Amino acid sequence: MLAILNYPAKLTLKAFLGLIALVLSISTSHAQTAKRPNIIFIFSDDHAYQGIGAYGNKIVKTPNIDRIAREGALLTNNLVTNSICGPSRATLLTGKYSHLNGYKRNDRTKFDTSQTLLSETLRNNGYQTAWIGKMHLNSLPAGFDYWNVLPDQGHYYNPEFIGQPNDTTQYTGYVSDLITQFATGWLEKRDDSKPFFLIVGHKATHREWMPDLQDLGAYDNVNFPIPSTFYDDYKGRKAAADQDMTIDKTMRMKFDLKVGVDYEKDFLYNRLNAEQKKVFKAYYDKVSKEVTDKNLTGKALVEWKFQRYLRDYFSTANSLDRNIGKLLDYLDKSGLSKNTVVIYASDQGFYLGEHGWFDKRFIYEESLKTPFVIRYPGVIKPGTKVNDLVVNIDWAPTVLNIAGVKTPADMQGKSFLPLLKGTQTAQVPWRKEAYYHYYEFPQPHHVYPHFGLRTNRYKLVYFYQGADSWELYDLQKDPKEVSNIYGTKGTEKLTADLKIKLKALMNEYKDDEALKILATAKP
Ligand code: CA
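These numbers were taken from a predicted model, which means no experiment stands behind them.

Conventions and cut-offs
- Residues numbered from 1 in each chain as written.
- Predicted model: local features only at pLDDT ≥ 70, side-chain atom pairs only at ≥ 80, totals over all residues.
- Heavy atoms only, no water.
- Helix = DSSP H or I, 4+ residues; strand = E, 2+ residues; numbered from the N terminus.
- Rg over C-alpha atoms; globule rule 2.2 N^0.38 Å.
- Buried < 20%, exposed > 50% of the residue type's maximum accessible area, 1.4 Å probe, protein only.
- Contact = heavy atoms within 4.5 Å.
- Core = buried A, V, L, I, M, F, W, Y, C linked by side-chain atoms within 4.5 Å.
- Polar contact = N/O pair within 3.5 Å; in protein donor to acceptor, adjacent residues only side chain to side chain.
- Phe/Tyr/Trp six-rings, centres within 6.5 Å; stacked < 30°, edge-to-face > 60°.
- Donors = N, O, S within 2.8 Å, 3.2 Å for Na, K, Ca; no water.
- Salt bridge = Lys/Arg side-chain N within 4 Å of Asp/Glu carboxyl O.
- Pairing = 2+ DSSP bridges.
- Axes fitted to C-alpha atoms, helices over the stretch in contact; angles between N-to-C directions.
- Parallel < 35°, antiparallel > 145°, perpendicular 65-115°, else oblique.
- Arc of directions from axis to C-beta.
- Left-handed = near helix turned anticlockwise from the far one by under 90°.
- Domains from an automatic or database assignment.
- Buried area = accessible area lost by both parts, 1.4 Å probe.

Turning next to the overall build of the protein. Along the backbone of the protein there are 15 helices and 16 strands. Against the globule reference of 24 Å for 523 residues, the protein gives a C-alpha radius of gyration of 25 Å, in line with a compact fold. Along the longest, intermediate and shortest principal axes, the C-alpha atoms of the protein span 95 × 65 × 40 Å. The buried share of the protein, reckoned over its 523 residues, is 59%. Counting only contacts in the protein whose residues sit at least 6 apart along the sequence, the fraction spanning at least 24 positions is 68%.

Let us now look at the nonpolar core. Core analysis: the largest hydrophobic core is formed by 72 residues, its most contacted members being L198, F280, Y309 and Y344. Counting residues in hydrophobic clusters, the runner-up holds 48 residues, among them A239, Y351, L453 and L515.

Let us look at the side chain of N138. Following the sequence through the fold, N138 ends up in the loop between strand 4 (128-134) and strand 5 (146-150). Polar side-chain contacts of N138 include one of 3.1 Å to the backbone oxygen of T109. With near-sequence residues (within four places) excluded, N138 lies in contact with Y103, D107, R108, T109, K110, F111 and D152.

Moving on: the packing of aromatic side chains. What the rule picks out here adds up to 50 aromatic pairs. Summarising the aromatic geometry, the rings of W186 and F196 are spaced 5.9 Å apart at their centres and angled 85° between planes, so their arrangement reads as edge-to-face. One end of the pair, W186, is in helix 7 (residues 175-189); the other, F196, is in strand 8 (residues 196-201), with 10 residues separating them in the sequence. Take W186 and F196: they sit in the same class, and that class is buried. Here the aromatic cluster, defined as three or more aromatic residues joined through ring pairs, consists of Y156, Y157, Y174, F255, Y263, F267, Y269, F280, Y283 and Y284.

This paragraph deals with the coordination of the calcium ion. Every protein donor of the calcium ion is accounted for by D45 (OD), D46 (OD), C85 (SG), D347 (OD), D347 (OD) and Q348 (OE1), and the metal-donor separations fall at 2.2 to 2.7 Å. Counting along the primary sequence, the residues that act as donors to the calcium ion give the motif D-D-x38-C-x261-D-Q. With a gap of 303 residues between them, D45 in the loop between strand 1 (38-44) and helix 3 (63-71) and Q348 in the loop between strand 9 (340-346) and helix 11 (365-368) connect regions that are remote in the sequence. Each member of the pair, D45 together with Q348, is buried.

Here we take up the pattern of salt bridges. Applying the stated criterion across every chain, the model contains 41 salt bridges. A salt bridge links K249 to D248; the shortest N-O distance between them is 3.9 Å. Judged by relative accessible area, K249 falls into the exposed class, the value being 72%. We note a salt bridge from D497 to K493, for which the minimum N-O separation is 2.8 Å. Residue D497 and its partner K493 are located together in helix 14 (residues 492-508), separated by 4 residues, close to a single helical turn. One network of salt bridges, with partners in common, ties together D46, D359, K360, R361 and E440.

On to the sheet that holds strand 13 (residues 433-438), then. Taken in spatial order, the 4 strands of this open sheet run 13-14-15-16, and their pairing is antiparallel. Whereas interior strands pair on both sides, the edge strands pair on one side only; in this sheet they are strand 13 and strand 16 (469-474). Averaged over neighbouring strand pairs, the angle between their axes works out to 10° when direction is ignored. Alignment of strand 14 (residues 450-455) against strand 15 (residues 458-463), held across 5 bridges, turns out to be antiparallel. Within the sheet, the bridge partner assigned to G452 lies in strand 15 and is V461. Running over the sheet, helix 14 touches strand 13, strand 14, strand 15 and strand 16 and is turned about 110° from strand 14.

Taken N-terminus to C-terminus, the directions of helix 3 and helix 10 (residues 298-333) make an angle of 50°; their axes are 7 Å apart at the nearest point. Considering the angle they form, helix 3 stands oblique to helix 10. On helix 10, the residues touching P63, N64, I65, R67 and I68 of helix 3 are D321, R322, I324, G325, L328, D329 and D332.

For helix 15 (residues 512-519), the complete set of buried residues consists of A514, L515, I517 and L518. Down the axis of helix 15, the buried side of the element spans an arc of 165°, and every buried residue falls inside it. In helix 15, the exposed positions that point more than 90 degrees away from the buried face belong to K516 and A519. Where the residues of helix 15 are buried, they touch strand 13, strand 14, strand 15, strand 16 and helix 14.

Let us now look at the packing of helix 14 against helix 15. Relative to each other, helix 14 and helix 15 sit at 150°, their axes nearing to 8 Å. Classified by the interaxial angle, the pair formed by helix 14 and helix 15 is roughly antiparallel. Every pair of crossing elements has a handedness; the one defined by helix 14 and helix 15 is left-handed. Only A514, L515 and L518 of helix 15 make contact with helix 14, whose side of the interface consists of L502, K503, M506 and N507.

Each assigned domain of the protein is listed with its residue range as follows: domain 1 (36-210 + 318-424) and domain 2 (448-520). For domain 1 versus domain 2, the distance between C-alpha centres works out to 29 Å. Contact with domain 1, which involves 18 residues of that partner, is made by 20 residues of domain 2. When the two sides are added together, the surface that domain 1 and domain 2 hide from each other amounts to roughly 1,400 Å², 55% of it contributed by carbon and sulfur. Of all residues in domain 1, I363, Y364 and E365 give up the largest surface area on contact with domain 2, accounting jointly for 38% of the area buried on that side. Linking domain 1 with domain 2 are 3 salt bridges. Ionic pairing is found between E365 and R454, a salt bridge with its closest N-O pair at 2.8 Å. In this assembly, domain 1 and domain 2 are joined by 11 residue pairs in polar contact (both at pLDDT 80 or more).

The next thing to look at is helix 4 (residues 85-94). Buried residues dominate helix 4, accounting for 10 of its 10 residues. Looking at helix 4, one finds that the buried residues are C85, G86, P87, S88, R89, A90, T91, L92, L93 and T94.

What follows is about the sheet that holds strand 7 (residues 167-170). Pairing is mixed in the open sheet, where 10 strands are placed in the order 7-6-5-4-8-1-9-10-2-11. Taken across any chain shown, the strands that pair with only one partner, and hence form the sheet edges, are strand 7 and strand 11 (384-386). Strand after strand, the sheet turns through a mean of 15° between neighbouring axes, direction not considered. Helix-sheet contacts for helix 4 involve strand 1, strand 4 and strand 8, and the interaxial angle to strand 1 is about 165°.

The structure is reproduced here in C-alpha cells:
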C-alpha cells in the first residue's frame, strides 16, 4: 500500500483515482466469486431410501446421512427417469431423459460426452470440477479438471483406479475409504481461488455387498422384519410375475451370500490379501456352516437368505455412511462447511425384499424413488422436507442454479432450489406428474420395458414389450402396489385422463419412440 501511496507523485489525480477504483473493483469481484458456494455431490449406488434412518428406518444406523438431512433438507419424492445405474449417472450429467442423452441401458454403450454437460457448464463458469470414485459410463470423465475413477463396477477390496490421463493403479484397502482419501486429498491440493464442484461416486451399496472387515457381523444380532409383500403372488401383474430378481430364485448362495467361497479361485475373493482373506473367511465360514448344518429348505431357506442379504447390505452401508462422516468432518476442520453445499443421493432406489426382490428397474415405488438430502448453510432451513415430485433431470439445473448459472436450453429438468428455500409460489406451480421410461431387457433380471407416469396419488404403467399390459395403482389406497386396478369399474375417466397426461409428457420430453408405441398400444 505504501508503494501505491508513494506513487502518485508521478501520477495525475485522475489516474490515481482510477487505480483506486480498479483495486476496489477487483476486491469486490473477488468477494462475489468467493460467495459462490462449493458443491459436493456424494453419489452412491443402489442405496435404498427405506434403508436410511432419516427416511424412517429405525433399525439401521446412518448417522451421517441423517446429519445432512437434519442440517438441511430431505426429499421424500425424488424419482428417477430410468431406474438403473449408468442411465441415472448420464441423467445427472446431462439433465436429460435417456432417449435424448443416448444412455438407455447399462450395456457397453459409450456415454456421448459431446453433449452439454453439467461438469463442462460449471467449468466454463469458473468452477473447478472433479469426479472421484465410481462413474461407470464406459468413457473417461469429461468436463472435469481432475478425476480418479473406478474402472467399470470397480472392486470393494484393493480396487484399481483410473487416474489422469489414463493410467490404472491398484491400491490396497477398502473402496469407500480410498474414495474418501482421494476426495480429501484433492480438496487439499485444489486451486482454492475458484469454487469447486466435486462428485464423490461410491461403489456401495452395489451387489455383491462385501462389507469392510470391521463391519462384518454388524447386524448379526438383528432379525429384520419381513416386508408385507415378501410373498407377493403377483396377481394381475404379468411383468412382476415374469422377472428374474427374487431373493428365492435369483440371489446366488455363493457370489451374493458368500456361502462356500473358494478364496483362491473365485474372482471377487482371490484379490484379497492374506490378512483380508483370513478375516473374511473366518466370518463367512461360520455363515456357510450355519446354513449347511441347518439344512434349510423352502420358506426357511428363503427367509435365511433374506436375513443374510440385509446383513451384508447394511454392513456394507456402514462404511459408506462412516466415510460420508469423514468427509463432513474434513469440511468442518478445514473451515469449508459454511460455504459448501453437500448433497447425498443414490443413483436409484432398491428392493430390500419388497415383492420378494432385490435389484431395481421397475417403476414401483422402491426403485422409482431414490434418497436425496442436501445441506446448504444459511440458505436451506435445517429440517426442511420437500414432498413435491422431483425428478433426477432436475439435479443438474439445481446444481447450476446454486452456482448462479443459467440452465442450458437442452436440459429438460428445472431447478428445485425454490422448493428447498420454501420460495416456490403458487403462481409458478411445480410439476404434478412425473414421466418414467425403462429399457434394459431381457437380461439382467428380465424386467419388461415399460413407460408410465406417477402423480401425487396415482401411477399408470404400460409394459409394451413382453407383457403387453397396463397397470394402474391408487397409491393412497394401495401404497404397496399389489392391486392393479386397470380396467376395473369406476376407473374409466381416471384412466383416460392419465393417458392424456402421459401423452403430453411424452411430447414435452420429446420421447418419439414412446409416442409411436403409445399410438398402437392395446386399450
Ligand atoms: Ca445403481
